[in-house]
2 protein chains.
Amino acid sequence: MKRRTVRHVTASDVARASGVSAMTVSRVFSGRAPVGDRTQRKVLAAARTLGYRPNQIAQSLALSRTQTIGVVVPEISHSFFPEAIRGIEEVTYRAGYHLLLMHSAETAERERDALLTLESKRVDGILLSVAQDAGPTHPYRRVVQLGIPLVFFDRCVSGIGATCVSIDDEESARVITAHLIGHGYTRIAHLAGPRSLAISRARRAGYRAALLGAGLACDDALIVSAGLHEQAGYAAMVSLLALPVSKRPRAVVAINDPAAYGAMLAVMHSGLRVPEDVAVVGFSDDLRAELMPVPLTTIRQPAYELGRTAAAELIAQIQGATAGKKQKTVGTELVTRRSCGCVTPADTESPARPR
Amino acid sequence: MKRRTVRHVTASDVARASGVSAMTVSRVFSGRAPVGDRTQRKVLAAARTLGYRPNQIAQSLALSRTQTIGVVVPEISHSFFPEAIRGIEEVTYRAGYHLLLMHSAETAERERDALLTLESKRVDGILLSVAQDAGPTHPYRRVVQLGIPLVFFDRCVSGIGATCVSIDDEESARVITAHLIGHGYTRIAHLAGPRSLAISRARRAGYRAALLGAGLACDDALIVSAGLHEQAGYAAMVSLLALPVSKRPRAVVAINDPAAYGAMLAVMHSGLRVPEDVAVVGFSDDLRAELMPVPLTTIRQPAYELGRTAAAELIAQIQGATAGKKQKTVGTELVTRRSCGCVTPADTESPARPR
DNA sequence: TTGTACGCGTTATCAA
DNA sequence: TTGATAACGCGTACAA
């Protein structure tokens with residue numbers, strides 16, 4: 001005959017049991033008020049026997065503070081985001097904040113929904129990575145105007161006064177493209193991401209900058225619009241392979257690792273070899289990069305570090321720091337493996353040791 | 001001169017602006033009460049111009065319901081959990097619940113902490129996967145006694161009256177071991193997990209059952225205690241390879257995929273081949289299984305499905321269903337790849353098509 | 001159909 | 001050092 005409705009012990013219960021007022025109980029638990037030594041012991045004893053835990057919902061209402069941070073991600077299981085979330089959690093946990101995790105599923109509608117919900121739930125701040133098909137209207141602006149601290153991570157929107165923590169996409173794309181150029185490639189294609197995403201535009205710009213900086217022509221026929229996934233990379237590569245042999249690229253800079261993987265498969269399925277016939281490089285260094293049929297040369301995105309940085313920045317803003325830089329970047333690293341054809345076999349012959 | 005403290009629009013503000021009482025505003029937004037047609041329009045108009053959103057903290061306090069579910073996971077970025085969380089999110093989102101994500105980092109202390117916090121935050125229910133070094137005291141019992149619905153997923157604790165959703169570890173381990181036996185292996189080792197985990201015990205039991213069921217001896221020297229990670233698998237395999245050649249196993253059943261990966265590397269680093277000299281099979285089918293130096297034969301754990309099932313079960317309990325089965329299992333699948341030496345090369349020569 | 005009074009559990013404020 | 005009271009923003013119960 002269990003009662004269904006949970007009956008929780010309140011401060012008044014503890015107060016009654018220990019012969020003081022509810023206010024004193026509150027003081028004991030909040031810690032920041034003078035309480036008599038004996039009183040304190042009495043209260044704590046009563047609280048222990050009754051199993052009292054302060055009701056954080058009531059606290060939140062009274063204090064207008066929830067100690068909770070909303071995290072909005074476009075994907076949950078793409079390896080980048082779990083890592084970033086781990087970084088976020090690491091920092092927020094230490095600072096005494098908890099995470100409300102929302103999933104936008106790459107859609108503008110669910111992202112908007114998530115923000116409104118987080119507003120209703122009165123989170124103290126929001127960390128957000130923009131959905132791929134974020135629409136034209138910006139629900140972010142409302143958040144900023146309400147005065148809710150907002151920090152974008154990885155995928156940002158500029159011009160609305162929110163801080164952005166990301167890698168330097170343009171510079172990183174320039175570096176990896178220049179790496180190919182430095183090893184003698186000249187006909188280099190780019191599997192570009194959706195134009196709606198700032199990272200797509202930045203990476204494309206870096207790709208162009210590298211070509212132009214090396215005095216190479218930038219042939220628009222070699223820039224193919226793709227999505228962010230394997231299938232899209234596969235399809236885009238197929239279309240590049242359909243070009244006349246003389247126009248066919250000898251190397252490909254993919255928008256990210258999954259797209260690079262798709263491209264790699266397309267090359268192999270067409271009977272060509274990576275990197276001998278077509279070199280492929282990615283962007284992300286997700287878990288699988290090292291284990292692909294041909295280990296992938298890519299840009300390592302420090303997802304964990306990025307999450308930490310974004311979280312630290314948000315907490316600083318919540319705690320009233322005068323908003324610092326609007327743009328923070330965390331460093332990336334070029335990871336050279338076999339797929340770019342720039343390494344001697346000996347370097348990568350034996351499988352990596354466990355890490 | 002922005003004010004730092006967020007000033008939110010309340011129901012009273014809307015009431016004043018539309019010439020009704022706060023109660024009527026509440027009725028309009030909760031939907032379940034008779035409200036005059038004209039009144040409704042007035043209220044909605046005022047709410048829109050003012051940008052009113054109900055304060056869910058206040059709602060929660062009044063209703064003793066937060067529409068929030070706590071999710072406690074021991075690891076965030078191990079590929080299994082992101083997938084499971086995605087399944088959980090899918091179901092809870094549709095049912096109008098939100099997720100408070102807590103990370104126990106495989107420690108009993110942080111797990112306990114997480115549960116107390118979730119209690120304080122008055123979540124409507126909790127989904128939990130047990131930490132590896134969960135101590136002897138069970139903080140779960142308190143949760144159950146308080147009447148907070150609790151459902152374990154993947155890693156469970158029995159005997160405290162909470163439902164458990166998991167795969168049938170014992171049966172799955174039996175199946176994959178039997179698969180090896182069916183292909184002629186007789187000296188089969190097991191890289192076992194920590195005894196403290198129920199899944200470790202179950203998988204070990206399945207391994208034994210397969211051997212005994214086939215009339216094979218179960219040699220304790222071939223059961224090596226390992227952890228759940230690459231390094232542990234590597235070390236355990238090294239110790240097996242140090243056995244006299246006649247006692248050395250021809251096949252290894254690892255507790256999970258990371259351990260199998262470590263074992264595979266150990267075999268290769270010792271100059272032997274997988275599967276020709278030592279066959280290796282795993283358990284999990286994480287993302288990397290397909291892409292390992294030798295593609296890994298393993299048990300596919302439907303993490304997504306498991307998350308969905310656990311979430312659905314929890315919501316049913318929250319909504320007052322008489323607690324159903326205490327134990328639910330979701331099906332697994334044997335995924336045969338090259339590492340077990342049971343497949344002809346032709347089957348796996350070309351890389352998989354994109355999925 | 002609408003409004004008033006009160007409670008949810010806590011904290012800030014002021015008085016003792 | 002401690003207690004009484006009001007307030008946080010909303011919903012239930014009842015009255016109008």
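Structural data are supplied above this passage.
Procedures and definitions
- Residues numbered from 1 in each chain as written.
- Chains lettered and ligands numbered in written order.
- Predicted model: local features only at pLDDT ≥ 70, side-chain atom pairs only at ≥ 80, totals over all residues.
- Heavy atoms only, no water.
- 1 Å grid on protein atoms, 1.4 Å probe; cavity = no way out; pocket = protein on both sides within 12 Å on 5 of 7 lines; lining within 4 Å.
- Points joined across faces, edges and corners; volume = space filled by probe spheres on them.
- Helix = DSSP H or I, 4+ residues; strand = E, 2+ residues; numbered from the N terminus.
- Nonpolar A, V, L, I, M, F, W, Y, C, P; charged D, E, K, R; others polar.
- Pairing = 2+ DSSP bridges.
- Axes fitted to C-alpha atoms, helices over the stretch in contact; angles between N-to-C directions.
- Salt bridge = Lys/Arg side-chain N within 4 Å of Asp/Glu carboxyl O.
- Contact = heavy atoms within 4.5 Å.
- Buried area = accessible area lost by both parts, 1.4 Å probe.

S.K.: Would you take a moment to explain the layout of surface pockets for this structure?
M.R.: Any space left empty among the atoms is revealed by the rolling of a water-sized probe across them. What the second largest pocket holds in volume is close to 1400 Å³. Every residue lining the second largest pocket is counted, 46 residues in all, and those nearest its centre are A:Ser120, B:Pro54, B:Asn55, B:Gln56 and B:Ile57. Elements that contribute at least two residues to the lining of the second largest pocket include exactly α4 (56-63) and α6 (108-120) of chain A together with α2 (22-30) and α4 (56-63) of chain B. Broken down by element, the residue count for the lining of the second largest pocket peaks at 7 residues, all from α4(B). Each residue belonging to the lining of the second largest pocket can be placed in one class, and the counts come to 18 nonpolar, 21 polar and 7 charged.

S.K.: I would appreciate a short explanation of the sheet that holds strand β8 (residues 251-254) of chain B in the present structure.
M.R.: All names here are of chain B. Pairing is parallel across the open sheet formed by 4 strands, whose spatial order is β7-β6-β8-β9. A single partner strand is all that each edge strand has here, and the edge strands are β7 (223-225) and β9 (279-281). Strand after strand, the sheet turns through a mean of 20° between neighbouring axes, direction not considered. Here 3 bridges tie β8 to β9, and the two strands are oriented parallel to one another. By the bridge assignment for β9, Ala 251 is matched with Ala 279.

S.K.: Would you mind showing me how to read the pattern of salt bridges here?
M.R.: Once their charged atoms are close, side chains differing in charge can pair, the charge on each being opposite to the other. Residues and elements named next belong to chain A. Inspection of every chain in the model, using the stated rule, returns 30 salt bridges over all chains. Its salt-bridge partner being Arg 273, residue Asp 277 comes within 3.3 Å of it at the nearest N-O pair. Residues Glu 333 and Arg 300 are paired through a salt bridge, measuring 3.5 Å at the closest nitrogen-oxygen approach. Taken as a pair, Glu 333 in strand β12 (residues 333-335) and Arg 300 in strand β10 (residues 298-300) lie far apart in primary sequence, 33 residues in all. Linked through salt bridges whose partners overlap, the residues forming this network are Glu 90, Arg 94 and Arg 308.

S.K.: Would you mind showing me how to read the interface of chain B and chain A here?
M.R.: Put simply, an interface is often sized by how much accessible area is lost when its parts join up. Residue-level contacts link 62 residues of chain B with 61 residues of chain A. Summing both partners gives a buried area of about 6200 Å² for chain B against chain A, and 59% of it is carried by carbon and sulfur. Applying the counting criterion to the chain B and chain A interface returns 2 salt bridges. Between A:Glu89 and B:Arg110 there is a salt bridge, with the nearest N and O atoms lying 2.9 Å from each other. Taken together, the residues that form the side of chain B that touches chain A break down as 29 nonpolar, 18 polar and 15 charged. With 3 bridges joining them, strand β2 (residues 98-103) of chain A and strand β2 (residues 98-103) of chain B adopt antiparallel strand pairing. Paired with A:Leu100 across the two strands is B:Leu100, which belongs to β2(B).

Limitation: the analysis is restricted to geometry and does not speak to function.
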